[in-house]
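Residue-level structural notes
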Amino acid sequence: MSTSPAVAIRPYEASDESSWVRCRALAFLTTQYYDDVWPRRPDVSAPSFGLVAVDGEGRVIGLLDVSIDAEAATIHSIATHPSHQGAGIGTALLEAAVGRLADGGVSSIDAWTREDPAANGWYRRNGFSETFQYLHVHLEDGDDAEGFTTPPGFSGPVRAFVHAGIEREQELRERFARVYVCRQYVRDLSDGTSIEARVEGAG
Ligand SMILES: CC(C)(COP(=O)(O)OP(=O)(O)OC[C@H]1O[C@@H](n2cnc3c(N)ncnc32)[C@H](O)[C@@H]1OP(=O)(O)O)[C@@H](O)C(=O)NCCC(=O)NCCS
């Protein structure tokens, strides 16, 4: 899946920030992370790095931030602008990142995501395997806040975001309106298999 010639993949630059923020916010708006909006890009320091896909006017239409801890990397942000999804941009960003990671001796890359079909389909298609699950639980208006406490002098919690074990899924879905399974996906980089070969292998 090659991207259109008008799309360039390159390292993130400070001047990209405003269109980076917009691209991420718009991409996440229709996902279960709709309220995970960042007004600015978090600082990324070497050896961690960020890549962007830009259109002919230099606007960010795809982004990938990767943090590196010794031989393991983690995807911190991956997003393609809604008007450009399904055109191979996410995969092209990943290919560029994987090449850079392999050159740097990094042997695995992981990522965490909720239940959105596009993200889960994309990770599976790009050679990632699911390795762990747990729950993201949001306490919001109308939910039973029994057991949630706050320090003296404060109201009860207005909202809360907590984690829980996957074994409590049915119980917690009955109590809270907003519960998500969060999955860890891992891709082994040590065997140097290209994404094409993985996709062919995945059939
Ligand atoms: C996930 C995401 C980054 C993929 O980027 P993209 O540039 O559209 O992906 P590509 O074009 O490189 O790859 C497309 C492949 O992803 C998978 N995919 C994309 N949308 C899908 C969907 N709705 N259901 C299942 N699989 C899907 C398919 O395998 C598809 O390949 P195909 O078109 O040959 O079937 C993009 O959908 C996105 O930005 N989503 C919102 C933000 C998000 O969820 N980020 C991840 C959070 S952890």
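Whatever comes next refers back to the structure up there.
Nothing here was measured: the structure is a model prediction, and the numbers come from that model.

1. With respect to the pattern of salt bridges
Opposite charge on two side chains lets them pair, provided their charged atoms get close. As enumerated under the stated definition, the model contains 17 salt bridges in all. With a closest N to O distance of 2.7 Å, D16 and R10 form a salt bridge. Note on D16: relative accessible area 3%, which makes it buried. Overlapping salt bridges bring together D35, E140, R159 and R178 as one network.

2. Some remarks on unusual backbone geometry
Cis rather than trans, the peptide bond between A46 and P47 has omega equal to 5 degrees. Position of P47 among the secondary structure elements: in the loop between helix 1 (17-29) and strand 2 (49-54). In this model, A70 sits at a positive phi of 55 degrees, which is unusual for a non-glycine residue. For A70, the position within the fold is in the loop between strand 3 (60-69) and strand 4 (72-80).

3. Points about the packing of aromatic side chains
Enumeration according to the criterion identifies nine aromatic pairs in this entry. Considering the side-chain rings of W20 and W38, the 6.3 Å spacing of their centres and the 20 degrees angle between planes classify their relative orientation as stacked. Placement of W20 in helix 1 and of W38 in the loop between helix 1 and strand 2 is noted, with a sequence separation of 18 residues between them. What makes W20 buried here is its relative accessible area of 0%. On the basis of relative accessible area, W38 is assigned to the partly exposed category, the value being 24%.

4. Some remarks on the site of the ligand
Near the ligand you find 23 residues, and of these T80, G86, G88, T91 and R125 are the closest. Residue T91 places a side-chain N or O atom 2.6 Å away from an oxygen atom belonging to the ligand. Note that an oxygen atom of the ligand is positioned 3.1 Å from one of the side-chain N or O atoms of R125. Within the complex, the protein chains bury 74% of what would otherwise be the 930 Å² of accessible surface of the ligand. Because more than half of its atoms lie within 2 Å of the grid, the ligand is assigned to the largest pocket.

Criteria and cut-off values
- Residues numbered from 1 in each chain as written.
- Predicted model: local features only at pLDDT ≥ 70, side-chain atom pairs only at ≥ 80, totals over all residues.
- Heavy atoms only, no water.
- Salt bridge = Lys/Arg side-chain N within 4 Å of Asp/Glu carboxyl O.
- Buried < 20%, exposed > 50% of the residue type's maximum accessible area, 1.4 Å probe, protein only.
- Helix = DSSP H or I, 4+ residues; strand = E, 2+ residues; numbered from the N terminus.
- Phe/Tyr/Trp six-rings, centres within 6.5 Å; stacked < 30°, edge-to-face > 60°.
- Near = heavy atom within 4 Å.
- Polar contact = N/O pair within 3.5 Å; in protein donor to acceptor, adjacent residues only side chain to side chain.
- Areas by Shrake-Rupley, 256 points an atom, 1.4 Å probe, with all protein chains shown as cover.
- 1 Å grid on protein atoms, 1.4 Å probe; cavity = no way out; pocket = protein on both sides within 12 Å on 5 of 7 lines; lining within 4 Å.
- Sits in = over half its atoms within 2 Å of the grid points.

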